[in-house]
Amino acid sequence: MNRMIIGVLVGAVMSASPASAAPVGTGPPNVPEFKPAFAGQTRAEAETTRTKLNVTEIASGFNKPWAIAFLPDNRFLVTEKPTGNLYIVTAEGVKSKPVAGLPPVDGRNQGGLLDVELGPDFATSRMIYWSYYEPREGGNGLAVARAKLIPGPEPKITGVQVIFRMMPTLQSTMHAGGRLVFAPDKTLFVVLGERSVLPGRIQAQDLASHFGKVVRIRPDGSVPKDNPFVNRAGAKPEIWSYGHRNILSAALDAKNRLWVAEMGPQGGDELNLVQKGKDYGWPTIGYGEEYSGKPIHKSTQAPGMEQPVYYWDPVIAPSGMVMYSGSLFPEWRGNFLIGGLASTALIRLEMLNDRVVGEERLLTDRNERIREVVQGPDGALYLLTDDANGKLLKVTPAK
Ligand SMILES: [Ca+2]
């Protein structure tokens, strides 16, 4: 009897028993020789949402949309990755003309216009912040800019300021990270990748490089004095944490701590609780391997390097993430909801004492790559699908 049939039978038996201990059925691991550092670090017990989900398509026709931000008047900002276009979309799904005035992007492959966030003082300043692959002499790099949004029938931005430039410039169309998260103290976390190519990968451990880092800046791009490496000679002062591979998912929890889901190599996606000054291990340690099957890591653990709270093998390919705190889905409160690209699912993680105690794959019947996951002011979940005809979806409880 093959593994899949056993899985189905186990699933059928377990569904009658709430005390199920079976993990989500995702197939065998790519790197079975690597074992978890603690119980529950991978393959948590499969859970099932009791609330029936209703998925509404608000809008479609976006070319590889990447991020959503909510305007105070119930409209959305939506970014389109390869075109570099930013749209204002009404709650009914009516799309504006592209917002004029954004700088050009390098929209090849994983590049382009990525995240967008309202500034912490948007109500008075109308400032928006966005991340993008900036075309440069000799390559590109992730940049973060801000400008004042002027809505209306001909929407535009004015006064563009680039507040952060990931350095060094490199020839790569991949792994620049790009999510933006404002903390309540108005500092801005920017999560960065290591550019995928080997000369970039090794810089994830190099504090003189922004590659493979989480950085923390003020809204004007200046460096907070309490960043961990401000007094270290040769270190980039924006760095908050290091040893990351490629982060496209970042969210604050109820205590306003930063969590990220990282794109690992084959078999090595990670959930990390990001702490000031800590080393998350890439490329020295991890749970995955090269796409060729060749080893990357000698070990999964090393002194002075953080363990992931959770890892996935096979990977989910995470992009977009929120810790749910709304009223529409009481059973999801305190859970992480993560967009799955390769896994074509919405991944739900039940958390207890900073550990994962349950996992679920939602919306698998839609078979869509999920790029963005945000919680609306109404408690609904809003998603973007990663497709040339990308959709803006709203998830609510079915009536
Ligand atoms: Ca790691």
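Everything that follows concerns the structure shown earlier in this document.
Anyway, here's the lowdown on the structure attached to this text. Because the structure is a prediction, the values reported are computed rather than measured. Sequence order as written defines residue numbering, which begins from 1 separately in each chain. Per-residue local features of the predicted model are confined to residues with pLDDT of at least 70, and side-chain atom pairs are confined, for both listing and counting, to 80 or more; whole-chain, interface and lining totals are unaffected and use all residues. No hydrogens and no water enter the side-chain calculation; it runs on all heavy atoms of the structure.

What follows covers empty space enclosed by the protein. A pocket, in this scheme, is an open set of points on a 1 Å grid over the protein atoms alone with protein on both sides within 12 Å along at least 5 of 7 lines, while a cavity is a set where a 1.4 Å probe fits but cannot get out; residues line either one if an atom lies within 4 Å of a point. Grid points are joined across faces, edges and corners, and a volume is the space filled by probe spheres set on the points. Throughout the structure, instances matching the rule amount to 2 cavities of 30 Å³ or more. Space inside the largest cavity adds up to approximately 70 Å³. Along the walls of the largest cavity sit Pro23, Val24, Thr26, Thr42, Arg43, Tyr310, Tyr311, Trp312, Asp313, Pro314, Glu359 and Arg361, which together make up its complete lining. To qualify as a helix, a DSSP run of H or I must reach at least 4 residues; to qualify as a strand, a run of E must reach at least 2; elements of each kind are numbered from the N terminus. Breaking the lining of the largest cavity down by element, the ones donating at least two residues are strand E16 (310-312) and strand E20 (355-362). In terms of residue count, E16 provides more of the lining of the largest cavity than any other element does, 3 residues in total. Residues belonging to the lining of the largest cavity are distributed by class as follows: 6 nonpolar, 2 polar and 4 charged. If you add up the space inside the second largest cavity, you get close to 60 Å³. Together, 13 residues line the second largest cavity, and Gly264, Pro265, Gly268, Glu270 and Trp282 are the ones closest to its centre. Nonpolar residues are Ala, Val, Leu, Ile, Met, Phe, Trp, Tyr, Cys and Pro. Charged residues are Asp, Glu, Lys and Arg, and all others, Gly as well, are polar. Class assignment of the residues belonging to the lining of the second largest cavity gives a composition of 5 nonpolar, 5 polar and 3 charged.

Bringing the sheet that holds strand E12 (residues 239-242) into the picture now. Spatially, 4 strands are ordered E9-E10-E11-E12 in an open sheet, and the strand pairing comes out antiparallel. This sheet does not close on itself; its edge strands, each paired only once, are strand E9 (180-182) and E12. Within this sheet the neighbouring strands show an average axis-to-axis angle of 20°, counted without direction. The rule for pairing is simple: two strands pair if DSSP sees at least two bridges between them. Judged from the 4 bridges that link them, strand E10 (residues 188-191) and strand E11 (residues 213-217) form a sheet pairing that is antiparallel. By the bridge assignment, Phe189 is partnered in E11 with Arg216. Here the axes come from fitting lines to C-alpha atoms, over the contacting stretch only for helices, and the angles between their N-to-C directions go from 0 to 180 degrees.

Looking now at the coordination of the calcium ion. Protein coordination of the calcium ion is provided by Glu270 (OE), Glu270 (OE) and Tyr280 (O), with donor distances spanning 2.2 to 2.8 Å. Placement of Glu270 in strand E15 (residues 269-273) and of Tyr280 in the loop between E15 and E16 is noted, with a sequence separation of 10 residues between them. Both residues of the pair, Glu270 and Tyr280, belong to the buried class. Excluding water, the donors of a metal are its N, O and S neighbours within 2.8 Å, or within 3.2 Å for Na, K and Ca, and that exclusion means sites may look incomplete. Each residue is assigned to one of three classes by its accessible area relative to the maximum for its type, calculated with a 1.4 Å probe on protein chains only: buried under 20%, partly exposed between the two thresholds, exposed over 50%.

This paragraph deals with the packing of aromatic side chains. Ring pairs are drawn from Phe, Tyr and Trp, using the six-membered ring of Trp, whenever the two centres fall within 6.5 Å, and their geometry is named by plane angle: stacked under 30 degrees, edge-to-face over 60, tilted for the rest. Applying the stated criterion across every chain yields a total of 13 aromatic pairs. A ring pair is formed by Tyr324 and Trp332, whose centres lie 5.9 Å apart and whose planes are at 90°; its orientation type is edge-to-face. Assigned by exposure class, Tyr324 and Trp332 land together as buried. Taken together, the ring pairs in this structure connect Phe70, Phe76 and Tyr382 into an aromatic cluster. Over the aromatic face of Phe38 sits the side chain of Arg355, whose NZ or CZ is 3.7 Å from the ring centroid. Only when the NZ of Lys or the CZ of Arg is both within 6 Å of the ring centre and within 35 degrees of the ring normal is a charge said to sit over the ring.

The next thing to look at is the nonpolar core. Nonpolar cores were defined as sets of buried Ala, Val, Leu, Ile, Met, Phe, Trp, Tyr and Cys residues, with membership established by side-chain atoms within 4.5 Å. Grouped together as the largest cluster of nonpolar side chains are 45 residues, with contacts concentrated most on Leu77, Ile128, Trp130, Leu142, Leu149, Leu188 and Val190. Residue contacts are counted whenever heavy atoms from the two residues lie within 4.5 Å of one another. In contact with Leu77, other than residues within four places in its own chain, are Ala67, Ile68, Ala69, Leu71, Leu86, Tyr87, Ile88, Val116, Leu118, Ile128 and Leu149. Grouped together as the second largest cluster of nonpolar side chains are 19 residues, Ala251, Ala261, Trp312 and Met323 included.

Once that is clear, we can look at the pattern of salt bridges. Each salt bridge in this description consists of a side-chain nitrogen of Lys or Arg and a carboxyl oxygen of Asp or Glu lying within 4 Å of one another. In the structure shown here, the tally under the stated rule is 22 salt bridges. Across the pair Arg366 and Glu368 runs a salt bridge whose closest N-O atoms are separated by 2.8 Å. A network of salt bridges, in which partner residues are shared, links Lys64, Arg369, Arg371 and Asp386.

It is worth spelling out the sheet that holds strand E1 (residues 53-62) at this point. Strand order across the open sheet formed by 4 strands is E1-E23-E22-E21, with antiparallel pairing between neighbours. Both outer strands of the open sheet, E1 and strand E21 (370-375), are each paired with one neighbouring strand and no more. Within this sheet the neighbouring strands show an average axis-to-axis angle of 20°, counted without direction. As paired elements, E1 and strand E23 (residues 390-397) share 7 bridges and run antiparallel to each other. Within the sheet, the bridge partner assigned to Phe62 lies in E23 and is Gly390.

Moving on to the environment of Val223. Considering the arrangement of structural elements, one finds Val223 in the loop between E11 and E12. Residue class for Val223 comes out partly exposed when judged on its relative accessible area of 23%. Sequence separation between Val223 and Pro237 is 14 residues; the distance between their C-alpha atoms is 6.7 Å. Contacts of Val223, omitting those with residues within four sequence positions, involve Arg218, Val230, Pro237 and Glu238.

Spatial relationships are all this shows, so hold off on functional conclusions.
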